Amino acid sequence: TGSGKTRFLLTVGSLSYKPIFASGASTVSPLFRILDEIRGTLIIDEGDFRFSDEKAEIVKILNNGNARGFPVLRSESVNGREFSPRAYTVFGPKLVSTRGFFQDRALESRCLTEETGGRKLREDIPINLTATYKQEALVLRNKLLMFRFRNFGKREIDPALVDRSIEPRLTQIFVPLLSVIDDADARDALQQVARDYHRDMVADRGMDVEAQMLEIIQELQQEPFSPGLAVKEITERFIARHSEDFDWKVTPHWIGNVIRKKLGLKTEKHHGNYFIAVSEGPKLARLFEKYGVDTGSGDLGDSGDSAGDGRSEEGPQGLPLL
């Protein structure tokens, strides 16, 4: 609180294309209708929705509004009897101020987040906005409108600006912005912002349960003579390192759910034990990169000797077990 979120929305929103100001107390129905009618920039203050997970209707609209072609479908009553389907366009930029992050990771990944309140208020910023603010905003809006007139139909997304070293969704957000910038220094500065966002996202993921589990999986890959990536072994190591971080008992069943549902890795049962499937090697490599886990020379397809007897254990079709 008191970090300047509302002032940020007022000043930046006043420069936006067809700004639509709304409070977080607004319901979903008028939001998608006014977005469809005006096709402007939605600006929501105090957007800490009570339920901000993937089940919330407002979150679904914000997620769908990130790209063209995914309207909100509603049935409209005609004369109080018939119901006719109608598509409402919700695509367009949004400015949302919140006191915390969204629970839905898909929505959070679509946001460029600026944390306010980290610096002392400058002397030249008025405590209360004056009429000068409105006049300056009008001048800037007119300049931006002239830019649109001069460049309408002339600007296209430049594929050469795609940076493969950062998150694809982050690239998807920044490339259109970069494509309308002619100044090389300004473009370089914005590309650095994108790289900083990518680095912060990877660092945040490094604190997740998934990252902790991937670190253990990566260690098991590197160990010589390992019988494979057994869920039981992953559980034992996870409990030894991280069990105190949780308010519940960490079990092989819970670990297995994280591996299958959150990491999306397939498991196979052999001789009463569950192992991560050999076919999941490429997916694991992508997960290591996504979560910033350092990888070594281990190969998911390598088979070591079974502990204790020096024999290589084989699964179906003679494939080495993990």
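Right, let's walk through the structure included here.

The rules behind these values
Residues numbered from 1 in each chain as written. Predicted model: local features only at pLDDT ≥ 70, side-chain atom pairs only at ≥ 80, totals over all residues. Heavy atoms only, no water. Helix = DSSP H or I, 4+ residues; strand = E, 2+ residues; numbered from the N terminus. Buried < 20%, exposed > 50% of the residue type's maximum accessible area, 1.4 Å probe, protein only. Contact = heavy atoms within 4.5 Å. Areas by Shrake-Rupley, 256 points an atom, 1.4 Å probe, with all protein chains shown as cover. Arc of directions from axis to C-beta. Axes fitted to C-alpha atoms, helices over the stretch in contact; angles between N-to-C directions. Parallel < 35°, antiparallel > 145°, perpendicular 65-115°, else oblique. Nonpolar A, V, L, I, M, F, W, Y, C, P; charged D, E, K, R; others polar. Core = buried A, V, L, I, M, F, W, Y, C linked by side-chain atoms within 4.5 Å. Salt bridge = Lys/Arg side-chain N within 4 Å of Asp/Glu carboxyl O. Polar contact = N/O pair within 3.5 Å; in protein donor to acceptor, adjacent residues only side chain to side chain. Pairing = 2+ DSSP bridges.

Here we look at the overall build of the protein
For step 1, the next point in the chain: Regarding its fold elements, the protein presents eleven helices and seven strands.
For step 2, the next point in the chain: Considering the protein as a whole, with its 322 residues, one finds that 34% of them fall into the buried category.
For step 3, the next point in the chain: Considering only intrachain contacts with a sequence separation of at least 6, the fraction spanning at least 24 residues in the protein is 57%.
For step 4, the next point in the chain: Put simply, the protein shows about 20,800 Å² of open surface, and 53% of that area lies on carbon and sulfur atoms.

Some words on helix 2 (residues 28-38)
In an α-helix, one turn spans 3.6 residues; hence positions three or four apart end up facing the same way.
For step 1, the next point in the chain: Considered for burial, the residues of helix 2 that qualify are Val28, Leu31, Phe32, Leu35 and Asp36. Down the axis of helix 2, the sector holding all buried residues measures 125 degrees, keeping them to one side.
For step 2, the next point in the chain: Lining the buried residues of helix 2 we find strand 1 (19-23), strand 2 (41-45), helix 3 (57-64), strand 3 (72-78), strand 4 (82-88) and strand 5 (94-96).
For step 3, the next point in the chain: Following helix 2 by one or two positions, Arg39 has its phi on the positive side, about 55 degrees.

A word on the packing of helix 1 (residues 5-14) against helix 5 (residues 131-151)
For step 1, the next point in the chain: Two elements in contact, helix 1 and helix 5, have axes whose closest approach is 9 Å; the angle formed by their N-to-C orientations is 40 degrees. Judged by the angle between their axes, helix 1 and helix 5 are oblique. Together, Leu10, Thr11 and Ser14 of helix 1 and Tyr133, Ala137 and Arg141 of helix 5 make up the contact between the two elements.
For step 2, the next point in the chain: For the contact of helix 1 with helix 5, the per-class residue count stands at three nonpolar, two polar and one charged.

Focus on the nonpolar core
For step 1, the next point in the chain: Met213, Leu214, Ile217, Ile234, Phe238, Ile255 and Ile259 are the most contacted members of the largest nonpolar core, which has 24 residues in total.
For step 2, the next point in the chain: Among the elements of the structure, helix 8 (209-222), helix 9 (231-242), helix 10 (252-262) and helix 11 (281-290) are those that each provide at least two residues to this core.
For step 3, the next point in the chain: The element best represented in this core is helix 8, accounting for seven residues.
For step 4, the next point in the chain: In this structure, Ala22, Leu31, Leu35 and Ile58 belong to the second largest nonpolar core, which totals 19 residues.

Quick look at the pattern of salt bridges
For step 1, the next point in the chain: In total, this model carries 13 salt bridges according to the counting rule given.
For step 2, the next point in the chain: The residue Arg86 makes a salt bridge to Asp36 at a minimum N-O spacing of 3.1 Å. Of this pair, Arg86 sits in strand 4 while Asp36 sits in helix 2, placing them 50 residues apart in sequence.
For step 3, the next point in the chain: Arg86 gets classed as partly exposed once you look at its relative accessible area, which sits at 41%.
For step 4, the next point in the chain: For Asp36, a relative accessible area of 11% puts it in the buried group.
For step 5, the next point in the chain: Between Asp182 and Arg155 there is a salt bridge, with the nearest N and O atoms lying 3.1 Å from each other. Taken together, the residues Asp182 in the loop between helix 6 (168-179) and helix 7 (184-205) and Arg155 in the loop between helix 5 and helix 6 connect sequence positions 27 residues apart.
For step 6, the next point in the chain: Asp182 gets classed as exposed once you look at its relative accessible area, which sits at 61%.
For step 7, the next point in the chain: Salt bridges sharing common partners tie together Glu219, Glu223, Glu233, Arg237 and Arg241.

Looking at helix 11
For step 1, the next point in the chain: Among the residues of helix 11, those classed as buried are Gly281, Leu284, Leu287 and Phe288. Along the axis of helix 11, the buried positions cluster into a sector of 115 degrees, meaning they face one direction only. In helix 11, the exposed residues that point more than 90 degrees away from the buried face are Pro282, Arg286 and Glu289.
For step 2, the next point in the chain: Buried positions along helix 11 lie against helix 8.

A short note on the environment of Lys283
For step 1, the next point in the chain: With respect to the helices and strands, the residue Lys283 is situated in helix 11.
For step 2, the next point in the chain: Looking at Lys283, the relative accessible area reads 26%, which means it is partly exposed.
For step 3, the next point in the chain: Between the C-alpha atom of Lys283 and that of Gly264, which follows or precedes it by 19 residues, the distance is 8.6 Å.
For step 4, the next point in the chain: Those residues in contact with Lys283 that sit more than four places away from it in its chain are Leu263, Gly264 and Leu265.
For step 5, the next point in the chain: Only 2.7 Å separates the side chain of Lys283 from the backbone oxygen of Gly264, close enough to count as a polar contact.

Regarding the sheet that holds strand 5
For step 1, the next point in the chain: The strand order across the open sheet built from three strands is 1-2-5, with neighbouring strands paired in parallel fashion. The sheet is open, and its two borders are formed by strand 1 and strand 5, each paired with just one other strand. Going across the sheet, the axis of each strand differs from the next one's by a mean of 15 degrees, ignoring polarity.
For step 2, the next point in the chain: Pairing of strand 2 with strand 5 involves three bridges; the strand directions are parallel. Pairing of Ile44 across the sheet is with Val96, part of strand 5.
For step 3, the next point in the chain: Here helix 2 sits on the sheet and contacts strand 1, strand 2 and strand 5; the angle it forms with strand 1, its principal contact strand, is near 170 degrees.

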